[in-house]
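# Report on the structure
Chain by chain, the residues:
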Amino acid sequence: MAYNDDIFIKLSDIASSEPIAPFLVSEKLADRFRLEDNAAAFWKRVYQKGSIVSLLLIGIGISSSSAAVLFAGDRPWVEVAKVLSLASVLGLIVQLAVYVSGAKRNWLVARYATERLRSVKAQLITLPVFLEPDVVEDKERAQLIADEFVEFHIKDVAVARSHKWGALEICSVKDLVRRIPVNEPELNRYGALAQDAYQRNRVDYQRLFANQEAEDLKNSTENWKGVGNSFVFLSATLATVMIGVSFLEVPALTDGFQKGFLLGGIVLFATSAIISASDKTSLHRPNYHRYKRYEEQIEALSDEGTKAPRSFREYFLAMEGLAISELREFCDDARQLSARF
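Keep in mind the model is a prediction, meaning the values are calculated, not measured.

This part takes up the overall build of the protein. Scanning the protein from terminus to terminus reveals 12 helices and zero strands. When the helices and strands of the protein are listed from N to C terminus, the series reads α-α-α-α-α-α-α-α-α-α-α-α. The burial tally for the protein puts 44% of its 341 residues in the buried class. Pairs at least 24 apart in sequence give 87% of the contacts found in the protein among residues at least 6 apart.

See the structure below:
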């Protein structure tokens, strides 16, 4: 499950729930979802890759400036080092471009819209629970209800999106589910199909997705941290060796060798600083904890529903509340990202 695509219900699920098909498929909603999801992915790449490139350039510039000082008497090398030291300026320009483009804001607002639309699809699936059987059986009427529901929410998301940063604050369950009927009729076969579809395609899917994401992030975070620590250790080792050499005045070591040794330490330290700073442009660690918490909350909700049955509306609102809370946590974490040393 490499991609969170629960909005696109499998054909096998549609076939098994054919009587409520108008509430399972909406091409208009799917098209809008793809548009927002692609925008979120694009601006995320711009922000994260632009930030990493800028940090890499600044690191090259810092190391090159140090090399220019160390090899001041060696003209070919010092000229190269001076040219490479300009990479810091280019890195700052890249950082400024990323900031001016509003990449982080555009990424988060598009992600907000994407998750809102995901919730709309979940709500659409549940509608047969709140409708009378004769309404669901009238395919034309059912389709009209589904289309109007989707149209309303697409416009609602677009309005919220226009507030940009403010959209991230307009995020409560009460506001998002105001088109869901308050009354819940006696459960009928259409409502049962809808409840089952919601459980499989929203609750179970989100739990499995959160579990896989958490496991993948746990492994990648540990590996990335290990690389950074290794560079720090190596640079510290080189610095210690150089201090020892300077005190012992080892004649076998030429001046050039010592300078190279020192430059290696500087490069390693700059690399570890770049890795540390790059980690601040990603959400690996907060994402891991957030996904684990989300998975546990969904499991607790399901267990609670089994032990103490509640109305489907209460169960549905609780699940959508968890999804919205997870979205807000993500946005809050992402707004703290920084592409600085």
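With that settled, consider the nonpolar core. Grouped together as the largest cluster of nonpolar side chains are 51 residues, with contacts concentrated most on Phe23 and Tyr198. Elements with a contribution of two residues or more to this core: helix H2 (27-70), helix H5 (103-130), helix H6 (133-137), helix H7 (139-161), helix H9 (189-248), helix H11 (284-307) and helix H12 (312-335). Not counting residues within four places of it along the chain, the set of residues in contact with Phe23 comprises Leu124, Ile125, Leu127, Pro128, Leu131, Val136, Ala142, Ile145 and Ala146. Formed by 14 residues, the second largest nonpolar core is a distinct cluster that contains Val98, Trp107, Cys331 and Ala334.

Together, Glu132, Asp134, Glu137, Asp138 and Glu140 give the surface a local cluster of negative charge. Residue placement: Glu140 occurs in helix H7. Accessibility expressed as a relative area gives 68% for Glu140, which makes it exposed.

What follows covers the pattern of salt bridges. Counting across every chain of the model gives 15 salt bridges. When the shortest N-O distance is used, the salt bridge between Lys155 and Glu151 registers 3.8 Å. You can see Lys155 and its partner Glu151 sitting in helix H7, four residues apart, about one turn around the helix. In this structure Glu151 comes out as partly exposed when scored by relative accessible area, which is 26%. In this structure, Glu329 engages Arg293 in a salt bridge whose closest nitrogen and oxygen atoms are separated by 2.3 Å. In this pair, Glu329 sits in helix H12 while Arg293 sits in helix H11, placing the two residues 36 residues apart along the sequence. A residue is classified by how much of its surface remains accessible, and Glu329, at 26% relative accessible area, is partly exposed.

It is worth spelling out the side chain of Glu115 at this point. Inspection of the secondary structure assignment puts Glu115 in helix H5. The class for Glu115 is buried, based on a relative accessible area of 18%. At a separation of 2.8 Å, a polar atom in the side chain of Glu115 contacts the side chain of Arg118.

In this fold, Glu295 is placed in helix H11. Setting aside residues no more than four positions away along its own chain, Glu295 makes contact with Arg207, Ala210 and Asn211.

Further remarks concern the packing of H5 against H7. Two elements in contact, H5 and H7, have axes whose closest approach is 10 Å; the angle formed by their N-to-C orientations is 160 degrees. With respect to their mutual orientation, H5 and H7 come out roughly antiparallel. The element H5 and its partner H7 pack so that their crossing is right-handed. On H7, the residues that touch Val109, Ala110, Tyr112, Ala113, Arg116, Leu117, Val120, Gln123, Leu124 and Leu127 of H5 are Ile145, Ala146, Phe149, Val150, His153, Ile154, Asp156, Val157, Ala160 and Arg161.

Turning next to the confidence of the model for the protein. Should pLDDT be low for a region, the predicted coordinates there are not to be read in detail. Considering every residue of the protein, the mean pLDDT works out to 77; 65% of them sit at 70 or more. When mean pLDDT is compared element by element in the protein, H6 scores highest at 93, while helix H10 (residues 255-279) scores lowest at 58.

Two elements in contact, H5 and H12, have axes whose closest approach is 11 Å; the angle formed by their N-to-C orientations is 175 degrees. Between H5 and H12, the interaxial angle falls into the category roughly antiparallel. Along its contact with H5, which presents Lys104, Trp107, Leu108, Arg111, Tyr112, Glu115, Ser119, Ala122, Gln123, Thr126, Val129 and Phe130, the element H12 presents Phe312, Arg313, Phe316, Glu320, Leu327, Phe330, Cys331, Ala334 and Arg335. Of the residues contributing to the contact of H5 with H12, the split by class is 12 nonpolar, three polar and six charged.

Right, let's get into a nonpolar patch on the surface. Among the surface-exposed residues, Leu86, Val89, Leu90 and Ile93 lie close enough to one another that they form a single nonpolar patch of about 370 Å² accessible area. Along the chain, the position of Leu90 falls in helix H4 (residues 87-100). By relative accessible area, Leu90 is classed as partly exposed at 43%.

How each quantity is defined
For every chain, the first residue of its written sequence is number 1, and the numbers climb from 1 along that sequence. Under the rules for a predicted model, residues below a pLDDT of 70 receive no local features and side-chain atom pairs below 80 are neither given nor counted, while totals for whole chains, interfaces and linings still include all residues. Excluded from the side-chain calculation are hydrogens and water; included are all heavy atoms of the structure. What counts as a helix is a DSSP run of H or I of at least four residues, what counts as a strand is a run of E of at least two, and both are numbered from the N terminus. The rule is simple: take the accessible area with a 1.4 Å probe, protein chains only, and divide by the maximum for that residue type; under 20% is buried, over 50% is exposed, in between is partly exposed. Whether two residues are in contact is decided by their heavy atoms, any of which lying within 4.5 Å being enough. Joining through side-chain atoms within 4.5 Å is the link that ties buried Ala, Val, Leu, Ile, Met, Phe, Trp, Tyr and Cys residues into a set, and such a set is a nonpolar core. Exposure above 30% relative accessible area and the lack of any salt bridge qualify a residue for a patch; like charges then connect within 9 Å, and the nonpolar side chains Val, Leu, Ile, Met, Phe, Trp and Tyr within 5 Å. The accessible surface values rely on the Shrake-Rupley method and a 1.4 Å probe; as for residues, cover is taken only from the protein chains in view. Within this document, salt bridges are pairs made up of a side-chain nitrogen of Lys or Arg and a carboxyl oxygen of Asp or Glu, the two lying within 4 Å of each other. Only four residue types enter the tally: Lys and Arg on the positive side, Asp and Glu on the negative side; His and the chain ends are excluded. Positions of charges follow a simple convention, taking NZ of Lys, CZ of Arg, CG of Asp or CD of Glu. Under the rule applied, a polar contact is a pair of N or O atoms within 3.5 Å (in protein, one hydrogen donor and one hydrogen acceptor; residues adjacent in sequence only if both atoms are side-chain atoms). Each axis is a line fitted through C-alpha atoms, taken for helices only over the stretch in contact, and angles between the N-to-C directions span 0 to 180 degrees. Between 65 and 115 degrees an angle is taken as roughly perpendicular, under 35 as roughly parallel, over 145 as roughly antiparallel, and anywhere else as oblique. Whether a crossing is left-handed or right-handed is set by the direction in which the near helix is turned from the far one by less than a right angle, anticlockwise for left-handed and clockwise for right-handed. Looking at any residue, its pLDDT shows the predictor's confidence there, from 0 to 100. Note that Gly is not counted as nonpolar here; it falls among the polar residues with everything else outside the nonpolar set of Ala, Val, Leu, Ile, Met, Phe, Trp, Tyr, Cys and Pro and the charged set of Asp, Glu, Lys and Arg.

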